[in-house]
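So you can see what is in the structure, the chains are spelled out below.
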Amino acid sequence: MKKLPFIFTLLIMGGLASCVSKKKYTSLQGELHSTQVELAQTSSEKEALEAKFDQIQSRVAEYNAKINSLRGDNEQLLEKNGRMMSQSGDILVSDQLRMQLEKTISKIDTEKLAQAKTLEDSVNLAISHNLLTAIGGKGNEQEEDIVIDIDKTVVMISVSDRLLFNTGSFRVNQEANPLLERLSAVINSEPSLEVMVEGHTDPRSISTATVQDNWDLSVKRATSIVRKLVENHAVAPEQLIAAGRSSFFPVVENDSPENMAKNRRTRIILIPDLDKFFALM
């Protein structure tokens, strides 16, 4: 009978041990399940990342192919321009000038470069590029409003009136000062340049207390620009000519508001001698 309490004690202890093991087992099962869930999530994320990586690699391959294609096109165009420069059929240029020309041409957009058929075209394209870079400002964000044409050695820079004046006014906007400052830097860099400033209007008639007609407006706009260049930007007055063409020298037909806006412009004509013309590069 004395053995009964002892046996009973062993049974209780065995039961407790069994309970502890079951709890531990349940806990381990929970941890295993959590680990399995995390592993499944990690595997899913890994697959998604691998898919994205494959997409990125595919895009990089496409971009590299495009870059190589453009590089090949550009090299062909540069080679073509190099052949034209070596021939120098229509313009005689020095070796130093040819090197400058090649350096500038390498920076020009391939679509524009493809338009150059002769050495003269290449020279004009290079000078237009450099002038637009110098005058247009950071990033050439005003490129649509500034058009540069070259005829032989005469450079014509057309500036939209919205960069310079309010509608029907000949007073120069404050916003035009950075543009005029950059333009004056180009003019001042070549003191031998002769510069004509031409005002142009659209055909809509105007008559106010200060402006008699379109002739009057075009001339006053030209003289306003000339005064700004002389008084604010130290351009020598003897280099400048002010002129007005009214509406009688349009660049396009005045058959839409957009075309009339193109005809409302101020044209700055640079007339350098041949050496100074090449110096613009």
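As the structure is a computational prediction, the values presented were derived from the model and not from experiment.

**Examining the packing of helix α4 (residues 119–136) against helix α5 (residues 177–189)**
When two helices pack together, their arrangement is given by the angle between the helix axes and by the axis-to-axis distance.
No. 1: Contact pair α4 / α5: the axes reach a minimum separation of 8 Å and the direction vectors enclose 135 degrees. What the angle tells us is that α4 and α5 run oblique. Judged by residue contacts, L131, A134, I135 and G136 of α4 engage L179, R182, L183 and V186 from α5.
No. 2: Considered class by class, the residues forming the contact of α4 with α5 number six nonpolar, one polar and one charged.

**A few points about the environment of T266**
No. 1: As for its placement among the helices and strands, T266 is situated in strand β5 (residues 265–271).
No. 2: Given the relative accessible area of 2%, T266 is considered buried.
No. 3: Distance in space between the C-alpha atoms of T266 and R221 is 7.8 Å, their sequence separation being 45 residues.
No. 4: Sequence-distant contacts of T266, that is, excluding residues within four places in its chain, are made with I157, S158, V159, L164, F165, V197, E198 and I225.

**Comments concerning the sheet that holds strand β1 (residues 146–151)**
No. 1: If you walk across this open sheet you meet the five strands as β1-β2-β5-β3-β4, and the pairing is mixed. Here the strands that pair on one side only, and so sit at the sheet edges, are β1 and β4 (240–244). Averaged over all neighbouring strand pairs, the angle between strand axes comes to 20 degrees, with direction disregarded.
No. 2: Here seven bridges tie strand β3 (residues 194–200) to β5, and the two strands are oriented antiparallel to one another. The residue of β5 that forms the bridge with H200 is R265.

Calculation rules
- Residues numbered from 1 in each chain as written.
- Predicted model: local features only at pLDDT ≥ 70, side-chain atom pairs only at ≥ 80, totals over all residues.
- Heavy atoms only, no water.
- Axes fitted to C-alpha atoms, helices over the stretch in contact; angles between N-to-C directions.
- Helix = DSSP H or I, 4+ residues; strand = E, 2+ residues; numbered from the N terminus.
- Parallel < 35°, antiparallel > 145°, perpendicular 65-115°, else oblique.
- Contact = heavy atoms within 4.5 Å.
- Nonpolar A, V, L, I, M, F, W, Y, C, P; charged D, E, K, R; others polar.
- Buried < 20%, exposed > 50% of the residue type's maximum accessible area, 1.4 Å probe, protein only.
- Pairing = 2+ DSSP bridges.

Everything listed here is a matter of geometry and, on its own, says nothing about what the molecule does.
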